[in-house]
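# Working through the structure, step by step
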Amino acid sequence: MAQRSVLVTGGTGGLGEAVTAAFREAGWRVVVPGREGASAAAPAGDVVRLVADLTDPAGAARAVEAASGDPAAPLRAVVNLVGGYASGGLVHETPVEEFDRMFTANLRPTHLVTRAALPHLIAAGGGAIVCVSARAALAPFPGAAGYATAKAAVLAFANAVAVEYRRSGVRCNTVLPSVIDTPANRAAQPDADHSRWVAPAEIAPVIRFLASDESAPTSGAAVPVYGRA
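Reading the values: the criteria
Residues numbered from 1 in each chain as written. Predicted model: local features only at pLDDT ≥ 70, side-chain atom pairs only at ≥ 80, totals over all residues. Heavy atoms only, no water. Helix = DSSP H or I, 4+ residues; strand = E, 2+ residues; numbered from the N terminus. Rg over C-alpha atoms; globule rule 2.2 N^0.38 Å. Buried < 20%, exposed > 50% of the residue type's maximum accessible area, 1.4 Å probe, protein only. Contact = heavy atoms within 4.5 Å. Areas by Shrake-Rupley, 256 points an atom, 1.4 Å probe, with all protein chains shown as cover. Lys, Arg positive; Asp, Glu negative; His and termini not counted. Charge placed at Lys NZ, Arg CZ, Asp CG, Glu CD. Core = buried A, V, L, I, M, F, W, Y, C linked by side-chain atoms within 4.5 Å. Expected span 1.5 Å × (residues − 1). Bend = angle between axes of the 7 residues up to and from the residue. Salt bridge = Lys/Arg side-chain N within 4 Å of Asp/Glu carboxyl O. Polar contact = N/O pair within 3.5 Å; in protein donor to acceptor, adjacent residues only side chain to side chain. pLDDT = per-residue confidence, 0-100. Arc of directions from axis to C-beta. Pairing = 2+ DSSP bridges. Axes fitted to C-alpha atoms, helices over the stretch in contact; angles between N-to-C directions.

## A word on the overall build of the chain
- Of the regular secondary structure elements, the chain holds six helices and seven strands.
- For the chain, the α and β elements follow one another from N to C terminus as β-α-β-β-α-β-α-β-α-β-α-α-β.
- Against the compact-globule benchmark of 17 Å for 229 residues, the chain has a radius of gyration of 17 Å, which places it among compact chains.
- Going through the 229 residues of the chain one by one, you find that 42% of them count as buried.
- Expressed as a percentage of contacts within the chain between residues at least 6 apart in sequence, the contacts between residues at least 24 apart total 69%.
- Roughly 10800 Å² of accessible area belongs to the chain as shown, and the carbon and sulfur atoms make up 55% of that amount.
- Averaged over its 19 positive side-chain charges, the chain has a centre that lies 6 Å from the centre of its 19 negative ones.

Okay, here's the thing in structure tokens:
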């Protein structure tokens, strides 16, 4: 029987499935919210799936309640994988609606889920939050100012959580991937050198480590997971 739970947002994606598997293998009860109609592998082991819109406060709260609903396996970790990418023109060519959309896709779910989960983590005696930013937050590239800025905001938010909740026993760290080697990214960039990208199976153990007791002294870290890119 699992003795602790982890909430993995974005757990139905290419990276999410690898992260979910990594936690299951380590004996965690895993809760994976998804959007209505989202494709997902069949539930297995200690994986709990539910439908929730994580851009909505009520949806985020419902996901956290499901993750914290087993008294035998209290919520001890949250992994914020939900995000999105869109390229466009230069800053002066990008409509403000497109700029805002990157914040809605990347920062809003991270904020809402983290906010809802913090009281439960504190009540359980502490825990860990892992957020996903991107290398673009530190090294932007042309045509993706909204994405880079939103991912930089995720990093700043995670650092703020690390400072504010340190004394409550809640840690918060961030991973910064380069290009993740997923089917969607391969389809979008068929001519790229995929061997230089970082595989989900390489990132998942890093995330699991940051959520585990083995990384207890670490909070406020920004961990690059670039592969060879």
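## What to know about the nonpolar core
- Counting 26 residues, the largest nonpolar core has Val19, Phe23 and Ile207 as its most contacted members.
- Counting residues per element, the ones that place at least two in this core are strand E1 (5-9), helix H1 (14-25), strand E2 (29-34), strand E4 (75-80), strand E5 (127-132) and helix H6 (200-211).
- Beyond its immediate sequence surroundings of up to four residues, phenylalanine 23 is in contact with Val6, Trp28, Val30, Val79, Ile207, Arg208 and Ala211.

## Focus: helix H3 (residues 96-123)
- The end-to-end C-alpha distance of H3, which contains 28 residues, comes to 40 Å, matching closely the 40 Å that a straight helix rising 1.5 Å per residue would cover.
- Leucine 107 marks where H3 bends most, by close to 35°; the proline proline 109 follows one to four residues later.
- Those residues of H3 not exposed but buried are Met102, Asn106, Pro109, Thr110, Leu112, Val113, Thr114, Ala117, Leu118 and Leu121.
- Contacts from the buried residues of H3 go to E1, helix H2 (57-67), E4, E5, helix H4 (145-164) and strand E6 (170-177).

## Considering the side chain of lysine 151
- Inspection of the secondary structure puts lysine 151 in helix H4.
- The buried charged residue lysine 151 lacks any salt bridge partner; its closest oppositely charged side chain belongs to glutamate 98, at an N-O distance of 16 Å.
- Polar side-chain contacts of lysine 151 include one of 3.1 Å to the side chain of asparagine 106.
- Ignoring sequence-local partners within four residues, the contact set of lysine 151 consists of Asn106, Val132, Ser133, Ala134 and Ala137.

## Considerations on the confidence of the model for the chain
- Chain-level statistics for the chain give a pLDDT mean of 94 and a share of 95% at 70 or above.
- Across residues 39-43, confidence stays below pLDDT 50; counting only partners more than four residues off in sequence or on other chains, it has seven contacts.

## Digging into H2
- Among all positions in H2, only Gly59, Ala60, Ala63, Val64 and Ala67 are buried. Seen from one end, H2 has its buried residues packed into an arc of 135°, which puts them on one side.
- In this fold, the buried residues of H2 make contact with E1, E2, strand E3 (47-51), E4 and H3.
- Near the N-terminus of H2, the side chain that reaches the backbone nitrogen of alanine 58, with its oxygen 3.1 Å away, is that of aspartate 56.

## Considering the sheet that holds E4
- Taking strand neighbours across the sheet as the criterion, the seven strands line up as E3-E2-E1-E4-E5-E6-E7 in an open arrangement whose pairing is parallel. Each edge of the open sheet carries a strand with a single partner, namely E3 and strand E7 (222-225). Averaged over all pairs of adjacent strands, the angle between strand axes in this sheet comes to 20°, irrespective of strand direction.
- In terms of strand pairing, E1 meets E4 through five bridges, oriented parallel. Of the residues in E4, the one forming a bridge with valine 6 is alanine 77.

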